[in-house]
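Geometric and topological summary
Chain by chain, the residues:
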Amino acid sequence: MEMPEFIEARRPRWQQLESLLDKAEGSGLRALELEEARSLGKLYRAVSSDLLWVRARSGSADVSEYLNDLVGRAYAITYPGQRVRFADAWGFVARGFPELLRQEWRMYAASVLLFLAGAGFGYLGMLADPDAAPYLVPEQHLKQDPVKRAADEAAGEGMSVDEQAQFSTFLFTHNTEVAFLAFALGITVGVGTALMLFINGLMLGALAQVYAAKGMAGWFWAWILPHGIPEITAICIAGAAGFVIARGQVAPRGLPRGMALRQEAVRAVKLLFGTFVLFVLAGLIEGTISQIHPPKLSVAFKVSFALTVGLGVYAYLGSDWMRGARKDTA
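Read on for an overview of the structure. (Residues numbered from 1 in each chain as written. Predicted model: local features only at pLDDT ≥ 70, side-chain atom pairs only at ≥ 80, totals over all residues. Heavy atoms only, no water.)

What to know about the nonpolar core
Cut-off, in case you're wondering: In this description, a nonpolar core means a group of buried Ala, Val, Leu, Ile, Met, Phe, Trp, Tyr and Cys residues linked to one another through side-chain atoms lying within 4.5 Å. Three labels apply to residues, based on accessible area from a 1.4 Å probe with only protein chains included: buried if under 20% of the type maximum, exposed if over 50%, partly exposed otherwise in between. Secondary structure is summarised from DSSP: a helix means a run of H or I of at least four residues, a strand means a run of E of at least two, and numbering begins at the N terminus for each. Working rule for contacts: check all heavy atoms of both residues, and any pair within 4.5 Å makes them a contact.
Core analysis: the biggest nonpolar cluster contains 50 residues, and Met126, Val137, Tyr211, Phe220, Trp223, Ile237 and Leu271 have the highest contact counts within it. Contributions of two or more residues to this core are made by helix H4 (86-103), helix H5 (105-128), helix H6 (133-136), helix H8 (161-184), helix H9 (191-213), helix H10 (217-250), helix H11 (257-286) and helix H12 (299-317). In terms of residue count, the dominant contributor to this core is H10 (14 residues). Excluding anything up to four places from it in sequence, Met126 contacts Ala132, Ala133, Leu136, Val137, Ala206, Gln209 and Val210. If you look at the next biggest cluster of nonpolar residues, it comprises 23 residues, including Leu21, Leu43, Tyr44 and Ala74.

Regarding H12
Our working definition: In a helix, the anticipated span is given by 1.5 Å times the number of residues less one. Note that the arc is computed from the directions linking the helix axis to the C-beta atoms.
Taking 1.5 Å per residue, 19 residues should reach 27 Å; H12 reaches 27 Å between its end C-alpha atoms and fits that length. Within H12 the residues assigned to the buried category are Lys302, Ala306, Val309, Gly310, Val313 and Leu317. Projected onto a plane normal to the axis of H12, the buried residues spread over an arc of 105° and lie on a single side. Pointing more than 90 degrees away from the buried face of H12 are the exposed residues Ala300, Leu307, Thr308 and Leu311.

Side note on the side chain of Ser290
For clarity, the cut-off: Each polar contact in these results corresponds to two N or O atoms within 3.5 Å; when the atoms are within protein, one needs to be able to donate a hydrogen and the other to accept it, and residues that are neighboring in sequence are counted only if both atoms are side-chain atoms.
For Ser290, the position within the fold is in the loop between H11 and H12. Assessed through its relative accessible area of 0%, Ser290 is described here as buried. Among the polar contacts made by the side chain of Ser290, one reaches the main-chain carbonyl oxygen of Trp223 at a distance of 3.5 Å.

A look at the packing of aromatic side chains
For the record, the criterion: Ring pairs are drawn from Phe, Tyr and Trp, using the six-membered ring of Trp, whenever the two centres fall within 6.5 Å, and their geometry is named by plane angle: stacked under 30 degrees, edge-to-face over 60, tilted for the rest. Sitting over a ring, as applied to charges here, requires NZ of Lys or CZ of Arg to be within 6 Å of the ring centre and within 35 degrees of the ring normal.
Scanning the model with the defined rule gives 14 aromatic pairs in all. Measuring from centroid to centroid gives 6.1 Å for Tyr211 and Trp223, while their planes differ by 45°, and the two rings are tilted. Of this pair, Tyr211 sits in helix H9 while Trp223 is found in helix H10, placing the two residues twelve residues apart along the sequence. We note that Tyr211, like Trp223, is buried. The ring of Trp223 carries Arg149 above its face, with NZ or CZ at 4.2 Å from the centroid.

With respect to a nonpolar patch on the surface
Definition in use: Each patch is built from salt-bridge-free residues with over 30% relative accessible area, joining like charges within 9 Å and nonpolar side chains (Val, Leu, Ile, Met, Phe, Trp, Tyr) within 5 Å. Areas reported as accessible are Shrake-Rupley estimates using a 1.4 Å probe. Residue values count occlusion only from the protein chains shown. The rule for a salt bridge is simple: a side-chain nitrogen of Lys or Arg has to be within 4 Å of a carboxyl oxygen of Asp or Glu.
A contiguous nonpolar surface patch, about 450 Å² in accessible area, is contributed by Val189, Val191, Leu195, Ile199 and Val250. Considering every element that reaches the nonpolar patch, the biggest residue donor is H9, with three residues. Assessed through its relative accessible area of 44%, Ile199 is described here as partly exposed.

Note that every value here comes from positions in space, so none of it alone points to a role or purpose.
This is how it looks when you write it as structure tokens:
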């Protein structure tokens, strides 16, 4: 069948679906009669097949876009969102999120590798050329001497309880913005997400070398690791969410690209939502333990605390793997 003939033959059901969607979107599904509701489901499936037929034959872009819009609207009205209950949210945080992360472990591994590659590049770059600091080290740390800062922290009284609470709130807001940006840049076919992960790692690696060059490596990691393990983990998961969106663009797996992107976006948003708990934990630690420096809290204590937090975080994230292993041995 030629394209003009196909369009002429299928146009009536496209128009019928469009009419039903206009009615349902205007007044809700309850406005449809029983037969109309049944027709909506049948037409949704039929028009989805028509869209696949048009795409497979590289048909008119206008026709393809029109059908894609119809299918997307029908999907949204057929599978509406539901009000989230606390029990549902808790169930997702406790079980659903670790399970989803296990399913998307390749995307997470890619995020971690990009972050670590950036950190390695930043560290080696500063090692090879300390004059590159203005380009690699975060601006707020350029004028700080690590030794002087450690001495000032040791002599000072530290933050008050109110200051710690305000700082924790600021850090939580900032980190969630970074995570959301890493997620949103997935729409650039993942290029923006990859760059952001690499750049964030680069700045951390460069700053680590600045402190290491002054003999302050232990002090630096005792400052960074307590909050850094959950924080960097969350940012890399947000990066994984961005790569899931990119997958919908480049590998639709036989689905219309718009539909594939919408389906992957649902998974990506769930991954992003799951990072909320990790960012809360990181913000609380960064505003408190991370800001209490030697001699009040020793390097050994803070690093041990960080490793304990890290074990807890990854025990939680790996809980779905552990549940699966128990089932296999049962």
